[in-house]
Amino acid sequence: MDERIWTAALVVIGDEILSGRTQDKNIAQLATWLNAQGIRLAEVRVVADVQPAIVEAVNQLRARNDYLFTTGGIGPTHDDITVDAIAAALGVPVVIHPQARAALERYYATRGGLNEARLRMARVPGGADLIPNRMSGAPGIRVDDNLFVLAGVPHIAAQMLDALTGELEGGRPLLSRTVGCWVPESEIADLLGAVERAHEGVAIGSYPFFREGRVGANFVIRATDQLVVDACAEALIAGLSEAGREAVDGGI
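Caption draft 1: Broad picture of the pairing of strand E3 (residues 67-71). Taken across its 5 residues, E3 has 5 buried, putting it largely inside the fold. Covered by surrounding structure in E3 are Tyr67, Phe69 and Thr71 together with Leu68 and Thr70, the residues of both alternating faces. When strand E1 (residues 6-13) meets E3, the two strands line up parallel, connected through 5 bridges. Directly across from Val11, in E3, lies its bridge partner Thr70. Examined bridge by bridge, E3 and strand E8 (residues 147-150) share 4 bridges and lie parallel to one another. Paired with Phe69 across the bridge in E8 is Phe148.

The structure is reproduced here in structure tokens:
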């Protein structure tokens, strides 16, 4: 029986990402966190602050993954339209969440009070729950336990992910081991394919590089069973040795 693989997708929302003004850090952060939950990040889409684009991405990616995350666009300014777009995608109204309002009132009590702009951060799609945020008072949003709306600021998104740790159903975490070799990957493509096929449940990623005037590659072996990972690594090391190549366990 095949092992159940849980997948997630991410929609990165923001003109500043697409323009290059801001470099996204949330993809790697989310991928690492998801793997610890036994969930694989299957796809990522970056979209502008345009409601139809967000609606399309949310509907498409949510339909073919177990979970969907979004980052960005939940702040206090007029161009923060993620909540409106997600509500439109789900066909529900936007409402002020009473707990979110209370949290913001507490946070801004000594910071000038809760004005109309700040109150925008208490808006959620109807029926949604909150994801706690210890950093700024403005919470994240969770809908139906499979859609999670996070802040775009990486350290705030990290706090929200921390609040979700252990709450999502997943499988076994993906484990890995790296084998490096000073060899053009094209010369051992057949070996890589044969070793991967011989070890069920394994995926081998090949990452070439050019250093010290030489061509090499690191081969990352991934599976959910450490014994399988290690068996595959040893087989690859042996195969490289037979081909007259020296393998570097742990990578170069």
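After that view, the rundown keeps rolling.
Caption draft 2: Region of interest: a nonpolar patch on the surface. On the surface, Leu18, Ile27, Val44 and Val46 cluster together to form a nonpolar patch covering roughly 280 Å² of accessible area. Note on placement: Val44 falls in strand E2 (residues 39-47).

Caption draft 3: Main features of the packing of helix H8 (residues 189-197) against helix H9 (residues 226-242). Closest axis-to-axis distance for the H8/H9 pair is 10 Å, and the angle between their directions is 150 degrees. It follows from the interaxial angle that H8 and H9 lie roughly antiparallel. Considering the relative orientation of H8 and H9, their crossing is right-handed. Packed against H8, whose contacting residues are Leu191, Leu192 and Val195, the element H9 presents Cys232, Ala235, Leu236, Gly239 and Leu240 at the interface.

Caption draft 4: The arrangement of the environment of Pro52 in detail. By the element assignment, Pro52 lies in helix H3 (residues 51-63). Spatially, the C-alpha atoms of Pro52 and Ala88 are 9.1 Å apart, while their sequence positions differ by 36 residues.

Caption draft 5: Representation of the pattern of salt bridges in the model. By the definition in use, this model includes 13 salt bridges. Asp66 is the salt-bridge partner of Arg4, the closest N and O atoms lying 3.0 Å from each other. With a gap of 62 residues between them, Arg4 in the segment before E1 and Asp66 in the loop between H3 and E3 connect regions that are remote in the sequence. A relative accessible area of 43% means that Arg4 is categorised as partly exposed. On the basis of relative accessibility, which here comes to 23%, the residue Asp66 falls in the partly exposed class. Here Glu212 ties to Arg214 by a salt bridge, and the two come within 3.9 Å at their closest N and O atoms. In this structure Glu212 comes out as exposed when scored by relative accessible area, which is 68%. Each of Arg177, Asp230, Glu234 and Asp249 takes part in salt bridges that share partners, so that together they form one network.

Here is what the cut-offs are and how they apply
Residues numbered from 1 in each chain as written. Predicted model: local features only at pLDDT ≥ 70, side-chain atom pairs only at ≥ 80, totals over all residues. Heavy atoms only, no water. Buried < 20%, exposed > 50% of the residue type's maximum accessible area, 1.4 Å probe, protein only. Helix = DSSP H or I, 4+ residues; strand = E, 2+ residues; numbered from the N terminus. Pairing = 2+ DSSP bridges. Patch = residues over 30% accessible without salt bridge, like charges linked within 9 Å, V, L, I, M, F, W, Y side chains within 5 Å. Areas by Shrake-Rupley, 256 points an atom, 1.4 Å probe, with all protein chains shown as cover. Salt bridge = Lys/Arg side-chain N within 4 Å of Asp/Glu carboxyl O. Axes fitted to C-alpha atoms, helices over the stretch in contact; angles between N-to-C directions. Parallel < 35°, antiparallel > 145°, perpendicular 65-115°, else oblique. Left-handed = near helix turned anticlockwise from the far one by under 90°. Contact = heavy atoms within 4.5 Å.

Structural measurements only, silent on function.
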